[in-house]
Amino acid sequence: MVGLRVIAQIILVGTQIVGKAFIEAFKQASANAGKNGGSAFRGADALSRQTGMTMDEACQILNIKKIDLNPEQVTKSYEHLFKVNDTSSGGSFYLQSKVVRAKERIELELAEKDPSKESKESKEKS
């Protein structure tokens, strides 16, 4: 009987300690979320918030360097990776989607840096 009582007390004390730790962790997480505005992209630029992808992530996905971006290189890398990840040839739809989003993110960045190119391209399509 005494042994069962000791085991019950140990379980009770352990549960109280773990419960207090969870409450403190929740309070700290809530405070951190309040400081950061609750968003992972708070410090990021508008395009990162809009697309949900940073420029660095997009460059890593397409395997290109951020320093020397040019539309031809982006298109070439995009076409290769899109084709390699095609679901009909055993590729991954998820990876193919990431490749598309990365290309879109980089194109938005290039258009923002040089708006004259965007207007030229839209005229050419017309």
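Provided above is the structure to which this section pertains.
The structure displayed is predicted, hence computed values, not measured ones.

What counts, and at which threshold
- Residues numbered from 1 in each chain as written.
- Predicted model: local features only at pLDDT ≥ 70, side-chain atom pairs only at ≥ 80, totals over all residues.
- Heavy atoms only, no water.
- Core = buried A, V, L, I, M, F, W, Y, C linked by side-chain atoms within 4.5 Å.
- Buried < 20%, exposed > 50% of the residue type's maximum accessible area, 1.4 Å probe, protein only.
- Contact = heavy atoms within 4.5 Å.
- Helix = DSSP H or I, 4+ residues; strand = E, 2+ residues; numbered from the N terminus.
- Salt bridge = Lys/Arg side-chain N within 4 Å of Asp/Glu carboxyl O.

Undergrad: Any details on the nonpolar core? Residues and values, ideally.
TA: With 13 residues, the main nonpolar core has C59, L62, I64, L69, V74 and I106 as its most contacted residues. When near neighbours in sequence (up to four residues on either side) are disregarded, L62 contacts V74, S77, Y78, L81, V99, A102, K103 and I106.

Undergrad: Account for unusual backbone geometry, naming residues and giving values.
TA: Residues other than glycine seldom take positive phi values, yet N63 does so here, at roughly 55°. One can find N63 in the loop between α3 (55-62) and α4 (71-84). The exposed category is assigned to N63, whose relative accessible area is 68%.

Undergrad: Requested: an account of the side chain of K103, with residues and values cited.
TA: Mapped onto the fold, K103 is located in helix α5 (residues 93-113). If near-sequence neighbours (up to four positions away) are discounted, K103 is found in contact with L62, V74 and Y78.

Undergrad: Which residues make up the pattern of salt bridges, and what are the values?
TA: One pass over the structure, following the stated rule, counts 6 salt bridges. In this structure, R101 and E104 form a salt bridge, with 2.8 Å as the shortest nitrogen-oxygen distance. Here R101 and its partner E104 are both found in helix α5, 3 residues apart, which amounts to about one turn of the helix. Judged by its relative accessible area of 44%, R101 is partly exposed.

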